[in-house]
Amino acid sequence: MNPFAYYALSNLPPTNNAACSTPGSGALPTSCRTNDDEALLLIRDFSDKYDAKIDGQINDRMAAFLRFSQRKDLQYYAPDLTGPSGGDGNGYIHAIDQDASAGYTWSVTPDSILEGHLSFSHMVAGKEPPYLGGPSLASMFGGFAGLPTTPSLTGGLNTQTITGLTALGRQTSNPQFQNPTLWVPSVSFSRSSTSTP
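Residues numbered from 1 in each chain as written. Predicted model: local features only at pLDDT ≥ 70, side-chain atom pairs only at ≥ 80, totals over all residues. Heavy atoms only, no water.

(A) Representation of the overall build of the protein chain in the model. The secondary structure content of the protein chain amounts to 2 helices and 6 strands. Ordered by position from the N terminus, the helices and strands of the protein chain form the series α-β-β-β-β-α-β-β. Looking at the protein chain residue by residue over its 197 residues, the buried ones come to 22%. Nonlocal contacts in the protein chain, meaning residues at least 24 apart in sequence, comprise 60% of its contacts between residues at least 6 apart. (Helix = DSSP H or I, 4+ residues; strand = E, 2+ residues; numbered from the N terminus. Buried < 20%, exposed > 50% of the residue type's maximum accessible area, 1.4 Å probe, protein only. Contact = heavy atoms within 4.5 Å.)

Pasting the structure below:
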């Protein structure tokens, strides 16, 4: 057998209804449905968030504020099939979003205002398959050109689609990362003028 095919098949979980199809037993007992793998899939979801804001009146013409917010969401979705050949699920999902802003307002004169704002936003988000960091298929089986060898991308079986059966290996979109950081400064000066007839 092809070494890659042997690896993929030998790392599938055993069927948990095997007793239902004992060779030579004839028809399946009425309590049995199929000779498949059945499982209740584990799902975990931990989420928290908070906001904090401080407003300050410096004097009768100056005011300032500072605000900080964070949201953290960590999830785990067990794969349809366990083991290195399993997958086809989101695996570990993480999203940490932090935002901060500061503002300053100065009434320069009774008819003019100077305002300044600085906003900061940072996100670390993405998803990872359950067996991330394991050995690469390129190192395990010669002849697989073009596959990643970096530990942040290797581990488990790559996507294998078999018509009519549950897909093997990780999702084609897994792993993925989104880590944007934004700085948004702004300064404005407003002045109102009144005309006398």
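Let us keep going from here.
(B) Examining the pairing of strand β2 (residues 62-77) more closely. As judged from the 16 bridges shared by strand β1 (residues 43-59) and β2, these two strands associate in the antiparallel manner. Within β2, the position partnered with aspartate 55 by the bridge is phenylalanine 65. Following β1, the chain reverses through 2 residues before pairing antiparallel with β2. In this structure, β2 lies alongside strand β3 (residues 91-109), joined through 16 bridges in antiparallel fashion. Pairing of leucine 66 across the sheet is with alanine 102, part of β3. (Pairing = 2+ DSSP bridges.)

(C) Here's a closer look at unusual backbone geometry. Here asparagine 174 and proline 175 are connected by a cis peptide whose omega angle stands at 10°. By the secondary structure assignment, proline 175 is in the loop between α2 (137-140) and β5 (176-178).

(D) Quick peek at the packing of aromatic side chains. All chains considered together, the criterion is met by 5 aromatic pairs. Pairing tyrosine 50 with phenylalanine 68 gives two aromatic rings, centres 6.1 Å apart and planes at 40°, and the pair type is tilted. With tyrosine 50 in strand β1 and phenylalanine 68 in strand β2, the pair connects residues that are 18 residues apart, well separated along the chain. On the basis of relative accessibility, which here comes to 29%, the residue phenylalanine 68 falls in the partly exposed class. Among the aromatic residues, ring-to-ring pairing joins Phe4, Tyr7 and Phe141 into one connected group. Lying across the ring of phenylalanine 65, lysine 53 places its NZ or CZ 5.2 Å from the centre. (Phe/Tyr/Trp six-rings, centres within 6.5 Å; stacked < 30°, edge-to-face > 60°. Lys NZ or Arg CZ within 6 Å of the ring centre and 35° of its normal.)

(E) Region of interest: empty space enclosed by the protein. Counted by the stated rule, this structure contains 1 cavity of 30 Å³ or more. In this structure, the largest cavity spans a volume of roughly 60 Å³. Forming the boundary of the largest cavity are Pro84, Gly86, Gly87, Pro129, Pro130, Tyr131, Gly155, Gly156, Leu157, Gly169 and Arg170. Across the lining of the largest cavity, the residue classes tally to 5 nonpolar, 5 polar and 1 charged. (1 Å grid on protein atoms, 1.4 Å probe; cavity = no way out; pocket = protein on both sides within 12 Å on 5 of 7 lines; lining within 4 Å. Points joined across faces, edges and corners; volume = space filled by probe spheres on them. Nonpolar A, V, L, I, M, F, W, Y, C, P; charged D, E, K, R; others polar.)

(F) Spatial organisation of the environment of serine 192. Position of serine 192 relative to the elements: it lies in the segment after β6 (181-191). We classify serine 192 as partly exposed; its relative accessible area is 45%. Separated by 79 residues in sequence, serine 192 and isoleucine 113 place their C-alpha atoms 9.1 Å apart.

(G) Quick peek at the pattern of salt bridges. Tallying each qualifying case throughout the model produces 2 salt bridges. The shortest N-O distance in the salt bridge between lysine 53 and aspartate 55 comes to 3.8 Å. Measuring nitrogen to oxygen at the nearest pair gives 3.4 Å for the salt bridge that ties arginine 71 to aspartate 73. For arginine 71, a relative accessible area of 39% corresponds to the partly exposed category. (Salt bridge = Lys/Arg side-chain N within 4 Å of Asp/Glu carboxyl O.)

Note that every value here comes from positions in space, so none of it alone points to a role or purpose.
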